[in-house]
Amino acid sequence: LQASEAYGVSDEVIASLSKSMEAVPFPVLMNRLVTGTAIHCARREKELKGSAELLAEAGLDDAMTQGAIRRHGALKPYEFAVKYADHAPEGWQEIIRAIAPDSTPAG
């Protein structure tokens, strides 16, 4: 929100987030976010790096963005995009179990 305010696009950002977050019940949204993050982690990591650059240009703290970059990067060894190329995970629990500390990434 700080970045959207700095760039004068807060109304558009809030409207976009509201549209996607209020359109479905929270359990459905959470499932989509967890499974989508796992499957699309490599692309989203790149997008987040762009977001960090934008924050730096605006002189804003990017600590949360850097954390998200690290988290997305940590998901890449699991190769969820390959594993789920022809079918979706059954649910968020499948992803959480796969990344449990006693689990081993693919490869």
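Details of the structure are given in the entry above.
A brief structural summary.

Rules of the game
- Residues numbered from 1 in each chain as written.
- Predicted model: local features only at pLDDT ≥ 70, side-chain atom pairs only at ≥ 80, totals over all residues.
- Heavy atoms only, no water.
- Phe/Tyr/Trp six-rings, centres within 6.5 Å; stacked < 30°, edge-to-face > 60°.
- Buried < 20%, exposed > 50% of the residue type's maximum accessible area, 1.4 Å probe, protein only.
- Patch = residues over 30% accessible without salt bridge, like charges linked within 9 Å, V, L, I, M, F, W, Y side chains within 5 Å.
- Areas by Shrake-Rupley, 256 points an atom, 1.4 Å probe, with all protein chains shown as cover.
- Salt bridge = Lys/Arg side-chain N within 4 Å of Asp/Glu carboxyl O.
- Helix = DSSP H or I, 4+ residues; strand = E, 2+ residues; numbered from the N terminus.

**Quick look at the packing of aromatic side chains**
So, step 1. If you walk through the whole model with that rule in mind, you get two aromatic pairs.
So, step 2. For the pair Tyr-78 and Phe-80, a centre-to-centre distance of 5.5 Å together with 10° between the ring planes defines the contact as stacked.
So, step 3. By relative accessible area, Tyr-78 is classed as buried at 15%.
So, step 4. Seen in terms of ring centroids, Phe-80 and Tyr-84 are 6.2 Å apart; in terms of plane orientation they differ by 20°. Their pairing is stacked. Across the pair, exposure class does not vary: Phe-80 and Tyr-84 are buried alike.

**Section: a nonpolar patch on the surface**
So, step 1. Nonpolar side chains collect at one region of the surface, where Tyr-7, Val-9 and Leu-54 lie side by side and expose about 230 Å² of accessible area between them.
So, step 2. Topologically, Leu-54 is positioned in helix 4 (residues 41-57).
So, step 3. Classification of Leu-54 as partly exposed rests on a relative accessible area of 35%.

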